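This is what each chain is made of:
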Amino acid sequence: MRESAPATSRPEEFRDVYHRVYREPPYHEDASDADAFAGQLAEHAALPGFSVTTVRTGDSLGGFAYGVRREEGWWHPRAVAPAPRRLRGPLFYVYELAVLPELRGRGHGRELLERLLAGRTEPHAVLAASNRAPARELYRRWGWAKAGELAGPPHGVDLLDLPLNGR
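In this text, all values refer to a predicted model and were calculated from it rather than measured experimentally.

*Asks:* Help me understand the packing of helix 1 (residues 11-22) against helix 2 (residues 31-45), please; the structure alone is not making it clear to me.
*Replies:* Packed helices, taken two at a time, are described by the angle their axes make and the gap between the axes. Packing of helix 1 against helix 2 brings their axes to within 9 Å, and their N-to-C directions diverge by 135°. By the angle between their directions, the pair helix 1 and helix 2 is classed as oblique. The interaxial crossing formed by helix 1 with helix 2 has right-handed handedness. Across the interface between the two elements, Phe-14, Arg-15, Tyr-18 and His-19 from helix 1 touch Ala-31, Asp-33, Ala-34, Asp-35, Phe-37, Ala-38 and Leu-41 from helix 2. Class assignment of the residues belonging to the contact of helix 1 with helix 2 gives a composition of seven nonpolar, one polar and three charged.

And the structure:
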């Protein structure tokens, strides 16, 4: 199911899934990080081009993916090395993909991304993946390619790109 802004109707569900996923290694995020995520999600949900997909088990949220359309040059040039020259024009930035541990290995993550990206008009989707996260290798197997590295985190974060034209 592709939804436009359900994050504003039940934000605590998204916060709780985020917290359960990102408290695991290699992230080790705490409750305050989950609270900050909930605030960021509310801000992003109000932006044009916001989209979210979800997976549910019964009445409970089991996972989600969300992103926002971003115009060329929205990131600081020093934040990405090397500068991804091939990524011109608007992009769809996938901010989060989170699936509860007990639901992993069933194709939910890939389905969430596929539904999120279906019908997007931007030429590329991008996402950031920690070099220590198991999901990074999944993205690579699903066709995402390294476009640069993000500055900041101590263990390295790759900016991954997926061309959307011709999908």
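*Asks:* Which parts of the structure should I look at to understand the pattern of salt bridges?
*Replies:* Opposite charge on two side chains makes pairing possible when the charged atoms of those side chains draw close. Using the criterion set out here, one finds 15 salt bridges in the structure. Note that Glu-24 and Arg-104 form a salt bridge whose closest N and O atoms lie 3.1 Å from each other. Separated by 80 residues along the polypeptide, Glu-24 in the loop between helix 1 and helix 2 and Arg-104 in the loop between strand 5 (91-99) and helix 3 (108-117) bring together distant segments of the chain. Relative accessible area serves as the criterion here: at 23%, Glu-24 is assigned to the partly exposed category. Arg-104 sits in the partly exposed class, given a relative accessible area of 37%. The partner of Glu-122 in a salt bridge is Arg-69, with the nearest N and O atoms 3.3 Å apart. Here the residue Glu-122 occupies a position in the loop between helix 3 and strand 6 (124-130), and Arg-69 occupies one in strand 3 (residues 60-70), the gap between them amounting to 53 residues. Among the charged side chains, a network of salt bridges with common partners joins Arg-136, Glu-137, Lys-146, Glu-149 and Asp-158.

*Asks:* Where do I start with helix 1 in this structure?
*Replies:* Compared with the 16 Å implied by 1.5 Å per residue over twelve residues, the 16 Å span of helix 1 between its first and last C-alpha is a close match. Those residues of helix 1 that sit buried are Glu-13, Phe-14, Arg-15, Val-17, Tyr-18, His-19, Val-21 and Tyr-22. For helix 1, the secondary structure elements touched by its buried residues are helix 2, strand 2 (51-57), strand 3 and strand 5.

*Asks:* Looking at this model, I keep getting lost on the nonpolar core. Mind explaining?
*Replies:* The tendency in soluble globular proteins is for nonpolar side chains to be buried as a group. Counting residues in hydrophobic clusters, the biggest one holds 22 residues, and the most contacted among them are Phe-14, Val-17, Phe-37, Phe-50, Phe-64 and Tyr-66. For this core, the elements supplying multiple residues, two or more each, are helix 1, helix 2, strand 3 and strand 5. Among all residues touching Tyr-66, those that are not within four sequence positions of it are Phe-37, Gln-40, Leu-41, His-44, Phe-50, Ser-51, Val-52, Tyr-93, Val-94, Tyr-95, Glu-96 and Leu-116.

*Asks:* In this structure, what is going on with the packing of aromatic side chains? I would like to understand it.
*Replies:* Within a pair of aromatic rings, the relevant descriptors are the distance that separates the centres and the angle that separates the planes. Enumeration over the complete set of coordinates arrives at eleven aromatic pairs. Judged by centre distance (6.1 Å) and plane angle (70°), the ring pair of Tyr-139 and Trp-142 falls under edge-to-face. With relative accessibility at 8%, the residue Tyr-139 sits in the buried group. In this structure Trp-142 comes out as buried when scored by relative accessible area, which is 19%. Among the aromatic side chains, those forming a connected cluster through ring pairs are Phe-14, Tyr-18, Tyr-22, Tyr-27, Phe-37, Phe-50, Phe-64, Tyr-66, Tyr-93 and Tyr-95.

Rules and cut-offs
Residues numbered from 1 in each chain as written. Predicted model: local features only at pLDDT ≥ 70, side-chain atom pairs only at ≥ 80, totals over all residues. Heavy atoms only, no water. Axes fitted to C-alpha atoms, helices over the stretch in contact; angles between N-to-C directions. Helix = DSSP H or I, 4+ residues; strand = E, 2+ residues; numbered from the N terminus. Parallel < 35°, antiparallel > 145°, perpendicular 65-115°, else oblique. Left-handed = near helix turned anticlockwise from the far one by under 90°. Contact = heavy atoms within 4.5 Å. Nonpolar A, V, L, I, M, F, W, Y, C, P; charged D, E, K, R; others polar. Salt bridge = Lys/Arg side-chain N within 4 Å of Asp/Glu carboxyl O. Buried < 20%, exposed > 50% of the residue type's maximum accessible area, 1.4 Å probe, protein only. Expected span 1.5 Å × (residues − 1). Core = buried A, V, L, I, M, F, W, Y, C linked by side-chain atoms within 4.5 Å. Phe/Tyr/Trp six-rings, centres within 6.5 Å; stacked < 30°, edge-to-face > 60°.

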